[in-house]
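Each chain is listed here by its residues.
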Amino acid sequence: MGRKPRKPENEKSEVKLQWTSKAHDDLARLYAFLAKSNANAAAKAVRALIAAPEGLLSQPRIGETLDSFEPREVRRWLIGRYEMRYEIRKKIIFVLRIWHTREDR
């Protein structure tokens, strides 16, 4: 008595990752810029940027909070020389934008 029932395995309340169209556009732009010099390096960089947000599923608040977006929970995460901005809304993490830290943003 007094124990909460366990959720069935198929009803896990997992955090999901969703990319915005602007984030997809950012990846395409970064690839196009980098591929001018080295297509293999460009592909490797984009693959790393695509894979990185998977880590947010287990540690969603790893990035620095950007207070200027309050009341939204938007965070900034540095991945090597790239900045990723993402937003946490309930059980969804939205990848908002990605750019190189040398870009004027």
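In case you missed it, the structure is sitting above this.
Residues numbered from 1 in each chain as written. Predicted model: local features only at pLDDT ≥ 70, side-chain atom pairs only at ≥ 80, totals over all residues. Heavy atoms only, no water.

Trainee: Give me the lowdown on unusual backbone geometry, citing residues and values where you can.
Mentor: Cis geometry marks the peptide bond from Glu 70 to Pro 71; its omega dihedral reads 15°. Its location among the elements puts Pro 71 in the loop between strand S2 (64–65) and strand S3 (73–79). In this structure, Lys 90 is a non-glycine residue whose phi angle is positive, near 55°. Mapped onto the fold, Lys 90 is located in the loop between strand S4 (82–89) and strand S5 (92–100). Here Lys 90 falls in the exposed class, since its relative accessible area comes to 84%. (Helix = DSSP H or I, 4+ residues; strand = E, 2+ residues; numbered from the N terminus. Buried < 20%, exposed > 50% of the residue type's maximum accessible area, 1.4 Å probe, protein only.)

Trainee: Can you break down helix H1 (residues 21–35) residue by residue, with the values?
Mentor: Its 15 residues give H1 an end-to-end C-alpha distance of 21 Å, which sits within 8% of 21 Å, the value for a rise of 1.5 Å per residue. Along its buried surface, H1 packs onto strand S1 (16–19), helix H2 (39–51), S4 and S5. (Expected span 1.5 Å × (residues − 1). Contact = heavy atoms within 4.5 Å.)

Trainee: Give a description of the pattern of salt bridges that names residues and reports values.
Mentor: One pass over the structure, following the stated rule, counts 10 salt bridges. Arg 97 is the salt-bridge partner of Asp 26, the closest N and O atoms lying 2.8 Å from each other. You can see Asp 26 sitting in helix H1 and its partner Arg 97 sitting in strand S5, a full 71 residues away along the chain. A salt bridge links Arg 89 to Glu 87, with the nearest nitrogen and oxygen atoms 3.3 Å apart. A relative accessible area of 44% means that Arg 89 is categorised as partly exposed. One salt-bridge network, held together by shared partners, links Asp 26, Arg 29, Arg 97 and Glu 103. (Salt bridge = Lys/Arg side-chain N within 4 Å of Asp/Glu carboxyl O.)

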